[in-house]
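Listed below are the residues making up each chain.
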Amino acid sequence: KDSNREEEKIAMKLFDFSQNQGKVFDIIGKIIDYQTPLKNVRGDKAGKIDLLAYNEKENPKTLRILELKRPDSKETMLRCVLEAYTYLKVVDKAKLLKDFGLPEDTKIKACPFVFYGKEQYKEMQQDRKHLKELMKNLDVEPIYLKGEGGEYKAVK
């Protein structure tokens with residue numbers, strides 16, 4: 001699956017920006033991990049969380065489970081939303097916070113992390129009343145990624 005490989009490369013780059021260059025993204029804060037296994041067991045088919053971002057400046061402090069899609073992904077926003085939300089429901093929240101040494105009262109939020117101006121973004125510009133309602137009810141919020149000149153920016 002080349003597509004997963006490309007997503008992984010983008011995830012690694014973003015993680016690297018945060019860790020080594022101290023980049024803190026306005027909305028999501030600092031990226032603290034990538035390809036985080038959902039379960040303790042390595043052989044588990046549960047999958048991996050693409051990126052984890054922690055924003056300590058937010059009130060409440062927020063840990064985002066980011067479901068990253070590459071720029072040319074044709075997946076629907078609904079699928080991205082459900083994927084991110086599923087991870088949020090499956091992950092052991094207390095353990096996740098403990099593993100990263102984060103406060104117990106940290107809010108954990110699921111967010112599709114998709115490219116600005118691309119397929120899923122365009123979909124959100126349409127009158128998708130039910131999709132937007134579902135996202136509101138699940139408290140899932142898309143974050144858009146802008147890639148400019150080798151730099152990345154996160155926007156709402």
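Scroll up to find the structure.
Quick caveat, the model's predicted, so the values are computed rather than measured. (Residues numbered from 1 in each chain as written. Predicted model: local features only at pLDDT ≥ 70, side-chain atom pairs only at ≥ 80, totals over all residues. Heavy atoms only, no water.)

Asks: Kindly report on the overall build of the chain, identifying the contributing residues and their values.
Replies: The number of helices and strands found in the chain is 5 helices and 6 strands. Taken from N to C terminus, the helices and strands of the chain fall in the order α-β-β-β-α-α-β-α-α-β-β. Scaling as 2.2 N^0.38, a compact globule of 156 residues should have a C-alpha radius of gyration of about 15 Å, and the chain matches this with 15 Å. Each principal axis of the C-alpha distribution contributes one length, and for the chain these read about 40 × 35 × 35 Å. Across the 156 residues of the chain, 45% fall into the buried class. Pairs at least 24 residues apart make up 60% of the contacts formed inside the chain by residues separated by at least 6 positions. Of the roughly 8700 Å² that the chain leaves accessible, carbon and sulfur atoms contribute 47%. (Helix = DSSP H or I, 4+ residues; strand = E, 2+ residues; numbered from the N terminus. Rg over C-alpha atoms; globule rule 2.2 N^0.38 Å. Buried < 20%, exposed > 50% of the residue type's maximum accessible area, 1.4 Å probe, protein only. Contact = heavy atoms within 4.5 Å. Areas by Shrake-Rupley, 256 points an atom, 1.4 Å probe, with all protein chains shown as cover.)

Asks: Quick rundown of the sheet that holds strand β6 (residues 151-155)? Include the residues and the values.
Replies: Strand order in this open sheet of 6 strands is β1-β2-β3-β4-β5-β6, and the pairing throughout is mixed. Strands with a single pairing partner mark the edges of an open sheet, and in this sheet they are β1 (30-37) and β6. Ignoring strand direction, the axes of neighbouring strands in this sheet form an average angle of 30 degrees. Relative to strand β4 (residues 107-115), helix α2 (residues 77-90) is tilted by about 150 degrees, and along the sheet it contacts β2 (48-55), β3 (62-68), β4 and β5 (143-148). (Pairing = 2+ DSSP bridges. Axes fitted to C-alpha atoms, helices over the stretch in contact; angles between N-to-C directions.)

Asks: Could you give an account of the packing of aromatic side chains, naming the residues involved and the relevant values?
Replies: Working definition: an aromatic ring pair is given by the centre-to-centre distance plus the angle between the planes. Applying the stated criterion to the full structure yields 5 aromatic pairs. Residues F115 and Y152 carry aromatic rings whose centres are separated by 6.2 Å and whose planes lie at 65 degrees to one another, so their mutual orientation is edge-to-face. A residue pair is termed long-range when its members are at least 10 positions apart, and F115 in strand β4 and Y152 in strand β6 qualify at 37 residues. Taking the relative accessible area as the measure of exposure, F115 reaches 7% and is therefore buried. According to the relative accessible area criterion, Y152 is buried, its value standing at 12%. Ring geometry for Y116 versus Y121: centroids 4.4 Å apart, planes at 45 degrees, classification tilted. Cluster of aromatic residues (ring-pair linked, three or more members): F17, F115 and Y152. The ring of Y116 has K146 sitting right over it, with the charged end atom 4.3 Å from the ring centre. (Phe/Tyr/Trp six-rings, centres within 6.5 Å; stacked < 30°, edge-to-face > 60°. Lys NZ or Arg CZ within 6 Å of the ring centre and 35° of its normal.)

Asks: Residues and numbers for helix α5 (residues 129-138), please.
Replies: All of the buried residues in α5 are L131, M135 and L138. Taken around the axis of α5, the buried residues stretch over an arc of 70 degrees, which confines them to a single face. α5 presents K129, H130, K136 and N137 as exposed residues on the side facing more than 90 degrees away from its buried surface. Turning to α5, the residues buried within the fold contact α2 and α4 (119-125). Where α5 ends, the next residue or the one after it, D139, has phi of about 55 degrees, a positive value. (Arc of directions from axis to C-beta.)

Asks: Describe the environment of L14, with residues and values.
Replies: As for its placement among the helices and strands, L14 is situated in helix α1 (residues 2-20). For L14, a relative accessible area of 0% corresponds to the buried category. For the pair L14 and K39, spaced 25 residues apart in sequence, the C-alpha to C-alpha distance is 23 Å. Here L14 is in contact with F25, I31, L51, F113, L145 and Y152, once residues within four sequence places are set aside.

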